[in-house]
Amino acid sequence: MKKNMAVYPGTFDPITNGHLDIIERASDLFDKVIVTIALNTNKKPLFTKQERMDMIRKVTGNFKNIEVDSFDGLLVDYAARKNASVIIRGLRAVSDFEYEFQMSLTNRKLAPNITTIFLMPNEKYSYLNSSLVKELAKFKGKTSCFVPDYVREKLERKFK
Ligand code: ADP
């Protein structure tokens, strides 16, 4: 049974195989999933918004029900504007839990009709994050097990 619309927010700097694993699971569960770049974070991204959107679009092109977008401001306001009833987040290790717990309960307080759902990736991605991939690429380490080829090429070009 599918339940309409979900948003999957994140920095996606850049999108990794871990994100893709979550996207694939969400795509099976919901009619439509909007993968959306959060712009108002304290993080200083390596890739521009356009570059990140382009990479997400390219590597999710085989999913029929994925849309790519970005937003400023509060996530719950954005989700409401998009008529999404679900926020997707990925849970890797215990280290994600405290922050995610705080965020999801705050969002529930702000918007009780929007539910955060946590999905766990295949365990082979449970230690993977974008910072690790950037660090590897910076020092010319192999990133091919962690990101799709298209993203690997973009990383190599960035650190040339
Ligand atoms: P944020 O800045 O919101 O943490 P990220 O791009 O790092 O943005 O991550 C977006 C979401 O994807 C978060 O819910 C994060 O936990 C999840 N995520 C990131 N990497 C992985 C991974 N390897 N496996 C599962 N979920 C992941």
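Before going into details, it helps to say that this report is about the structure given with it. Bear in mind the structure is a predicted one, so any value in this text is a computation, not a measurement. (Residues numbered from 1 in each chain as written. Predicted model: local features only at pLDDT ≥ 70, side-chain atom pairs only at ≥ 80, totals over all residues. Heavy atoms only, no water.)

A short note on the site of the ligand
No. 1: The immediate surroundings of the ligand are formed by 17 residues, with Tyr8, Thr11, Lys43, Gly90 and Leu128 found nearest.
No. 2: A distance of 3.0 Å separates an oxygen atom of the ligand from a polar side-chain atom of Arg89.
No. 3: Leu128 is positioned such that a nitrogen or oxygen atom in its backbone is 2.9 Å from a nitrogen atom of the ligand.
No. 4: Starting from 540 Å² of accessible surface for the ligand in isolation, the protein chains cover 91%.
No. 5: Assessed atom by atom at 2 Å from the grid points, the ligand resides in the largest pocket.
No. 6: Residues of the shell around the ligand, tallied by class, amount to seven nonpolar, five polar and five charged. (Near = heavy atom within 4 Å. Polar contact = N/O pair within 3.5 Å; in protein donor to acceptor, adjacent residues only side chain to side chain. Areas by Shrake-Rupley, 256 points an atom, 1.4 Å probe, with all protein chains shown as cover. 1 Å grid on protein atoms, 1.4 Å probe; cavity = no way out; pocket = protein on both sides within 12 Å on 5 of 7 lines; lining within 4 Å. Sits in = over half its atoms within 2 Å of the grid points. Nonpolar A, V, L, I, M, F, W, Y, C, P; charged D, E, K, R; others polar.)

So, helix α2 (residues 49-59)
No. 1: Among all positions of α2, only Arg52, Met53, Met55, Ile56 and Val59 are buried. Down the axis of α2, the buried set is contained in an arc of 160 degrees. They therefore lie on one face. Opposite its buried face, α2 presents the exposed residues Gln50 and Lys58, each directed more than 90 degrees away.
No. 2: On its buried face, α2 sits against α1 (17-29), β2 (32-38), β3 (66-71) and α6 (149-158). (Buried < 20%, exposed > 50% of the residue type's maximum accessible area, 1.4 Å probe, protein only. Helix = DSSP H or I, 4+ residues; strand = E, 2+ residues; numbered from the N terminus. Arc of directions from axis to C-beta. Contact = heavy atoms within 4.5 Å.)

What to know about the sheet that holds strand β4 (residues 86-90)
No. 1: If you walk across this open sheet you meet the five strands as β3-β2-β1-β4-β5, and the pairing is parallel. Edge positions in the sheet fall to β3 and β5 (115-119), since each of these pairs with one other strand and no more. Neighbour-to-neighbour, the strand axes of the sheet open up by a mean angle of 30 degrees, direction not taken into account.
No. 2: Sitting on the sheet, α1 touches β1 (5-10), β2, β3, β4 and β5, and the angle it makes with β5 is about 125 degrees.
No. 3: Contacts from α2 reach β2 and β3 within the one sheet, and its direction differs from that of β3 by about 165 degrees. (Pairing = 2+ DSSP bridges. Axes fitted to C-alpha atoms, helices over the stretch in contact; angles between N-to-C directions.)

A closer look at the pairing of β2
No. 1: Burial runs high along β2: six of the seven residues are buried.
No. 2: Direction of pairing for β1 relative to β2: parallel, over a ladder of six bridges. Residue pairing in the sheet places Tyr8 in a bridge with Val35 of β2.
No. 3: One ladder, built from six bridges, connects β2 with β3; its direction is parallel. In the strand pairing of β3, Val33 is matched with Ile66.
No. 4: Each parallel crossover has a hand, and for β2 linked through α2 to β3 it is right-handed. (Right-handed = clockwise from strand over helix to strand, strands pointing away.)

Describing unusual backbone geometry
No. 1: With an omega of 0 degrees, the peptide bond between Asp13 and Pro14 qualifies as cis.
No. 2: At Phe12, a position not held by glycine, the phi torsion is positive, near 50 degrees.
No. 3: Position of Phe12 relative to the elements: it lies in the loop between β1 and α1.
No. 4: A residue is classified by how much of its surface remains accessible, and Phe12, at 2% relative accessible area, is buried.

So, the side chain of Glu100
No. 1: Relative to the helices and strands, Glu100 resides in helix α4 (residues 94-110).
No. 2: For Glu100, the residues in contact, after removing those within four places along its chain, are Arg89, Gly90, Leu91 and Phe118.

Shape is all these values report; function is a separate question.
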